[in-house]
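# Structural features, examined
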Amino acid sequence: MAIQWFPGHMHLTKKAISDRIKNIDVVIELLDARLPGSSANPMLAELTQGRPTLKVLNKQDLADPAITTQWLAHYNSQPGTRALGLDASVSAPAKALIKECFALAPHRGGNVKPMRVLICGIPNVGKSTLINTLTGKRATKTGDEAGITKLEQRISLADDFYLYDTPGMLWPRIIVAKSGYNLAASGAIGRNAFNEEEVALELLEYLKTHYAHLVEARFKLVAVAAMTDEELLTAIGRKRGALQGGNRVNMQKAAEIAIYDFRAAVMGRMTLETPEEFALWLVAGQKLDAERQVKKDAIELDRKIRFKQIPRPNSRDVS
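Residues numbered from 1 in each chain as written. Predicted model: local features only at pLDDT ≥ 70, side-chain atom pairs only at ≥ 80, totals over all residues. Heavy atoms only, no water.

## Quick notes on the sheet that holds strand S2 (residues 53-58)
The mixed open sheet is built from six strands, whose spatial order is S3-S2-S1-S4-S6-S5. Since the sheet does not close on itself, it has two edges, and those belong to strand S3 (81-86) and strand S5 (153-158), each with one partner. With direction set aside, neighbouring strand axes in the sheet form an average angle of 25°. As paired elements, strand S4 (residues 115-121) and strand S6 (residues 161-165) share five bridges and run parallel to each other. Each bridged residue has a counterpart across the sheet, and for Leu 118 the counterpart in S6 is Tyr 164. Contacts between helix H3 (residues 65-76) and the sheet are confined to strand S1 (26-32), S2 and S3, with S3 contributing the most and set at about 160° to the helix. (Pairing = 2+ DSSP bridges. Helix = DSSP H or I, 4+ residues; strand = E, 2+ residues; numbered from the N terminus. Axes fitted to C-alpha atoms, helices over the stretch in contact; angles between N-to-C directions. Contact = heavy atoms within 4.5 Å.)

Here it is as structure tokens:
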């Protein structure tokens, strides 16, 4: 299953970013610390035209701290980029954003040249909560679901610091299959765009390999690493009473339990990808996408030939 979700308002967000970026000094991209690679929007680099970027690994209090350290080092090694971890509900670390932005654009500041910052991120990554923390008031609407913010907002954090908030935006085609599952598990994708049982199985396949002890402790199970994904989901459903007629496990409810427990971090602090893992997934996704494009181009060429929109290639020309 390929998970995709790009509702209409995201097209408007893309246009708004394209228009706004001309007058922006620094871009803040909020990432989910539990899936920093999957939550980084590949379309954003093109839209922001190489502007200095601050990568903020939000929700770090839910993520594996050792893996967060790896991701911060990964992003801090990139030119024109700084990175920091953040829990958006804590006020003191949030104020570090202003300092980091001025470090990225030291030529800005003062009333004549105020700092102009665009903050972007995928849906439900915590932008609204962060902005409310920065301003000390309810400047934006928040909620634990994708697609809350729908319009661009300008917020003044200081006399010489303007923050432009945009709605959460994914990208039209997710070529890394694992990213689609991780985004769905995190809550970044609308519920109607994926099957909870499939997402839960993918989630548990990773957790039983990397965090077996946490899964065992949460659900009072043993030897989960030796279970198949289906056996583990069934065991979770049985332990949590997700049963239907004939004492059978309701797999839909079991999946909802597994996904909820991950999102709420009640199993513990977990991260679904390392920089090395994501790099491998990305290479595989790009290769598969290129193969699909070759097939698509061949089908389109054949269609044009059959409908005589272009002449059939001469065999000698082909050779």
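## A few points about the pattern of salt bridges
One pass over the full model with this rule turns up 17 salt bridges. The partner of Lys 208 in a salt bridge is Asp 229, and the shortest N-O contact between them spans 3.6 Å. Taken together, the residues Lys 208 in helix H7 (residues 196-210) and Asp 229 in helix H9 (residues 229-239) connect sequence positions 21 residues apart. Asp 229 matches Lys 208 in its accessibility class, with the two residues each being buried. The residue Asp 302 makes a salt bridge to Arg 306 at a minimum N-O spacing of 2.9 Å. Taken as a pair, Asp 302 and Arg 306 lie in helix H11 (residues 275-306) at a separation of four residues, close to a single helical turn. Classification of Asp 302 by relative accessible area gives partly exposed; the value is 37%. Linked by salt bridges that have partners in common, Asp 25, Arg 108 and Arg 116 make up one network. (Salt bridge = Lys/Arg side-chain N within 4 Å of Asp/Glu carboxyl O. Buried < 20%, exposed > 50% of the residue type's maximum accessible area, 1.4 Å probe, protein only.)

## Some words on the pairing of S1
Most of S1 sits out of view: seven of its seven residues are buried. Residues Val 26, Ile 28, Leu 30 and Asp 32 point to one face of S1 and Val 27, Glu 29 and Leu 31 to the other, with burial holding for every one of them. The pairing of S1 with S2 spans six bridges and is parallel. Across the sheet, Ile 28 pairs through a bridge with Leu 54, a residue of S2. For the crossover from S1 across helix H2 (residues 42-48) to S2, the handedness is right-handed. (Right-handed = clockwise from strand over helix to strand, strands pointing away.)

## A few points about the packing of aromatic side chains
Applying the stated rule across the entire model yields three aromatic pairs. Joined through ring pairs, the aromatic side chains of Trp 71, Tyr 75 and Phe 278 make up one cluster. The cationic tip of Arg 154 hangs over the ring face of Tyr 162; the distance from NZ or CZ to the ring centre is 4.2 Å. (Phe/Tyr/Trp six-rings, centres within 6.5 Å; stacked < 30°, edge-to-face > 60°. Lys NZ or Arg CZ within 6 Å of the ring centre and 35° of its normal.)

## Section: the environment of Lys 113
Among the secondary structure elements, Lys 113 is positioned in the loop between helix H4 (91-104) and S4. A residue is classified by how much of its surface remains accessible, and Lys 113, at 37% relative accessible area, is partly exposed. Once residues within four sequence positions are removed from consideration, Lys 113 is found in contact with His 107 and Arg 108. There is a polar contact of 2.9 Å between the side chain of Lys 113 and the backbone oxygen of His 107. (Polar contact = N/O pair within 3.5 Å; in protein donor to acceptor, adjacent residues only side chain to side chain.)

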